[in-house]
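# What the coordinates show
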Amino acid sequence: MKNEVKVVMGKYELGRTLGEGGFSTVKFARHVETGRPFAIKILDRHSVLARKFHDQLKREIGSLKQLKHPNIVRLHEVSASQTKIYIVLEYVSRGELYNVIADKGRLSEQEGRRVFQQIIDAVSYCHDKGVYHRDLKPENVLVDAKGNIKITDFGLSAQPQHLGKDGLLHTTCGSPNYVAPEVFLNRGYDGSLSDIWSCGVILYVILTGDLPFDEKNIALLSQKIVRGDLRIPKWLSPEAQNILKRMLDPRPITRLNMAGIKAHEWFRQDYTPTVSFEDEEECTAIRDTNVSTREQEEEERILPTEINAFQLIGMSSYLDLSGFFEKEDASERKIRFTSTHSPMELFHKVEVIATAMGFQVLQANGKLKVIQRRKTTVSPRRIPSLLVSAEVFKISPSLYVVELEKSCGDSLLYRKLCGKLSEDLGVCKCQLLHKTQSCPLERELPLCAL
Ligand code: ATP
C-alpha cells in the first residue's frame, strides 16, 4: 500500500518519507482517531541548535501560524520530544509544482494561468498580513489532488519586525535564479516587489519550462539579472509576454505591483479570487448565529474543546517551544488565562462582561466572537474595529484555559477587554508567568519536563 503507516507518534501513525529538506525529513502521517492524512516535518533539536537554524525555524512557525489561506500549507501543531521537533502540516499529495512542470515540459497558458492566479492570491494574502516569503520557487509550491497549489517553506520569510529603519529588508537570501536584482544589489529592498519578481520567474518557468536567467556561476547570473537581460519567447500570447516583461522589470519602482497584476488582462481571464479561511470563518460565524437554535447554542456552550499535550506545548509561553513563537503573537494577539469556572459559566460571564462593555457577542462552532463595530457608514459588517474570538479548553475536570484571540482591530481596546475578563474570571494569566512553580497548568500537567 502506498501510504502504509508504521510508527506511532502521539496521536499520529507515521508512514513513508515524503521528502528531505536541508534540516528536516518530512513524513506522511495519519491521525489515529480521525484517519486524516498529515505531513510531519521532523527536525533534530541538536542539529537545529548546532547549525543555528533556530531563527529560520522560528520564522517558519511564526509565519505559518498566522497564515490561513486555501493556497498556503496549513500548520496544525508543533510538538517536541527530548531530541526532536515535530511540525504537523496539512498533507499535499501531488508534491512539488517543479515536478509537475518537469513531467509535462511546460503548462499551457490556460492551465498555467490557474496555477499562477492561486500563487498570486496566496502571496498577496501574505503581503496583506505583512509576511514576505523571500524564497518563492516551484520547489516551494506544492500541488494537491485537485491540482490546487499550496505555498510552503516559510523559513526565509520576513515579517514587519524584520524591516530596517528605512522600512526595507536588507538580508540577501533566496534561491539565486529566483532572486530579484535589488536583492543582489544589497541596498535594501521592498519584500512585496521582490516576491513579485520571484513570481514572475515562476510564471516564466510554468509557461516555457525554462529559467529566464541561468548562468554557470552566480557572478554571471547576478549580472544578467541586474541588467534585466531577458528573452521572452515570441510564441507566447502577446498578453502573456507583456505580463512577464512587466513583472521581470529590473527596476522595482516601475515593476508591476500586486494591484497591477490583478488588473492585468492576461491574469484576469477566468479569474475567481480565492476566499481566505478567515473571511469564510467570519461569514460562517455570523450566518451560523443567525440560524442556530437555542438547543444548539446550549450544546455548543457546554462542550469545551479537549486540550492535548501538543496544543498545550504550543500554547504555553513558559514551556520549551516558546522561543519558536513570535513575541507579538504571545503577548498581543493571544491572551490566555486559566479558570476554575465551568465552560457554561465562562461563556455566560464572558458574554455578560463583554456586552456590558459595549461589545456585540455572537456564538458559533463552540467559540464566542466578541465584536466592536466601526462607527462608519462604510461597510460596517465587513470591517469591525475589533474582532476577538474566545475559546475554552479543558485541562482537567475542574480546570480550563480561556483563550482570547484578536483577529483584527484596536490593540488598546483588546487589552482592556482581556484585562477585565481575566480579572473577573481567571486564576492564572499564562502570558505573565515565567517558569513559575505556582501555575496550576504545571501542577496538573508536568509538560515542562519535555
Ligand atoms: P529546504 O532545505 O529546501 O528549505 P525544508 O527542510 O524546508 O527544505 P521542505 O522543503 O519544507 O523542507 O520539505 C521537503 C520536501 O518534503 C518537499 O520538497 C516536499 O516534497 C515534501 N513536503 C514538505 N511539506 C509537505 C506537505 N505538507 N505535504 C506533502 N509533502 C511535503
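Going by the structure above, here's the rest.
Read on for an overview of the structure. Note that the structure is a prediction, hence the values are computed from the model and not measured. (Residues numbered from 1 in each chain as written. Predicted model: local features only at pLDDT ≥ 70, side-chain atom pairs only at ≥ 80, totals over all residues. Heavy atoms only, no water.)

## Considering the site of the ligand
Near the ligand, the surroundings consist of 16 residues, among which Gly22, Ser24, Glu90, Glu96 and Asp153 are the closest. Interatomic distance of 2.8 Å between a side-chain N/O atom of aspartate 153 and an oxygen atom of the ligand. Relative to its unbound accessible surface of 610 Å², the ligand loses 83% to contact with the protein. Listing elements by their share of the shell around the ligand, those giving two or more residues are β2 (12-20), β3 (24-31) and β4 (37-44). If one sorts the elements of the shell around the ligand by residue count, β2 sits on top with three residues. For the shell around the ligand, the class distribution of residues is seven nonpolar, four polar and five charged. (Near = heavy atom within 4 Å. Polar contact = N/O pair within 3.5 Å; in protein donor to acceptor, adjacent residues only side chain to side chain. Areas by Shrake-Rupley, 256 points an atom, 1.4 Å probe, with all protein chains shown as cover. Helix = DSSP H or I, 4+ residues; strand = E, 2+ residues; numbered from the N terminus. Nonpolar A, V, L, I, M, F, W, Y, C, P; charged D, E, K, R; others polar.)

## Observations concerning the packing of helix α15 (residues 343-356) against helix α16 (residues 411-425)
Packing of α15 against α16 leaves a shortest axis separation of 11 Å and a crossing angle of 135°. With respect to α16, the element α15 is oriented oblique. α16 is crossed by α15, and the crossing has right-handed handedness. Residues Leu346, Lys349, Val350, Ile353 and Ala354 of α15 form the contact with α16, whose own contacting residues are Leu417, Lys420, Leu421, Asp424 and Leu425. Classifying every residue of the contact of α15 with α16 by side-chain character gives seven nonpolar, no polar and three charged. (Axes fitted to C-alpha atoms, helices over the stretch in contact; angles between N-to-C directions. Parallel < 35°, antiparallel > 145°, perpendicular 65-115°, else oblique. Left-handed = near helix turned anticlockwise from the far one by under 90°. Contact = heavy atoms within 4.5 Å.)

## What about the side chain of glutamate 60?
Secondary-structure assignment places glutamate 60 in helix α2 (residues 54-66). You can call glutamate 60 buried: its relative accessible area is 5%. With near-sequence residues (within four places) excluded, glutamate 60 lies in contact with Lys41, Asp153, Phe154 and Gly155. (Buried < 20%, exposed > 50% of the residue type's maximum accessible area, 1.4 Å probe, protein only.)

## Some details on α16
Because an α-helix completes one turn every 3.6 residues, residues spaced three or four positions apart along the sequence face the same direction. Its 15 residues give α16 an end-to-end C-alpha distance of 21 Å, which sits within 8% of 21 Å, the value for a rise of 1.5 Å per residue. Along α16, the residues classified as buried are Tyr414, Leu417, Cys418, Leu421, Ser422 and Leu425. Here the buried residues of α16 occupy an arc of 120° about the axis, which is enough to place them on one side. Exposed positions of α16 whose direction lies more than 90 degrees from the buried face are Leu412, Lys416 and Glu423. (Expected span 1.5 Å × (residues − 1). Arc of directions from axis to C-beta.)

## Examining the packing of helix α4 (residues 109-128) against helix α6 (residues 191-208)
For the pair α4 and α6, interaxial distance at closest approach is 10 Å and the crossing angle is 165°. Taken together, α4 and α6 sit at an angle that is classed as roughly antiparallel. Where α4 crosses over α6, the two elements pack in a sense that is right-handed. Residue-level inspection shows Glu109, Gly112, Val115, Phe116, Ile119, Ile120, Val123 and His127 of α4 in contact with α6, the latter providing Gly191, Ser192, Asp195, Cys199, Ile202, Leu203, Ile206 and Leu207. Class assignment of the residues belonging to the contact of α4 with α6 gives a composition of 10 nonpolar, four polar and two charged.

## Focus on the pairing of β3
Across six bridges, β2 lies against β3 in antiparallel orientation. Paired with glutamate 20 across the strands is threonine 25, a residue of β3. The loop that links β2 with its antiparallel partner β3 comprises three residues. Between β3 and β4, which pair antiparallel one after the other, the connecting turn spans five residues, and glycine 35 there sits at a positive phi close to 75°. (Pairing = 2+ DSSP bridges.)

## Observations concerning unusual backbone geometry
For aspartate 153, which is not glycine, the phi dihedral falls at a positive 60°. Tracing the chain through its elements places aspartate 153 in the loop between β8 (149-151) and α5 (181-185). According to the relative accessible area criterion, aspartate 153 is partly exposed, its value standing at 24%. Even without glycine at this site, aspartate 270 takes up a positive phi of about 50°. Looking at the element boundaries, aspartate 270 is found in the loop between α10 (265-268) and α11 (277-291).

## Some details on the sheet that holds β2
The strand order across the open sheet formed by six strands is β1-β2-β3-β4-β6-β5, and the pairing between neighbours is antiparallel. Each of the sheet's edge strands pairs with one partner strand only, and the pair in question is β1 (7-9) and β5 (75-80). Adjacent strand axes in the sheet meet at a mean angle of 35°, parallel and antiparallel pairs treated alike. Two elements, β1 and β2, share three bridges in a ladder whose sense is antiparallel. Along β2, the bridge assignment pairs methionine 9 with tyrosine 12.

## With respect to the state of the cysteines
Each disulfide is one covalent bond, formed between the sulfur atoms of two cysteines. Using the criterion set out here, one finds zero disulfides in the structure. The thiol sulfur of cysteine 199 is not disulfide-bonded, and the nearest other cysteine sulfur, from cysteine 126, lies at 9.7 Å. Its relative accessible area of 0% is what places cysteine 199 among the buried residues. (Disulfide = S-S within 2.5 Å.)

## Concerning the pattern of salt bridges
Summed over the entire model, instances satisfying the criterion amount to nine salt bridges. Between glutamate 111 and lysine 104 there is a salt bridge, with the nearest N and O atoms lying 2.7 Å from each other. By relative accessible area, glutamate 111 is classed as partly exposed at 34%. Judged by its relative accessible area of 46%, lysine 104 falls in the partly exposed class. Here glutamate 182 makes a salt bridge to arginine 255, at a shortest N to O gap of 2.8 Å. Here the residue glutamate 182 occupies a position in helix α5, and arginine 255 occupies one in the loop between α8 (238-247) and α9 (258-263), the gap between them amounting to 73 residues. For glutamate 182, a relative accessible area of 7% puts it in the buried group. (Salt bridge = Lys/Arg side-chain N within 4 Å of Asp/Glu carboxyl O.)

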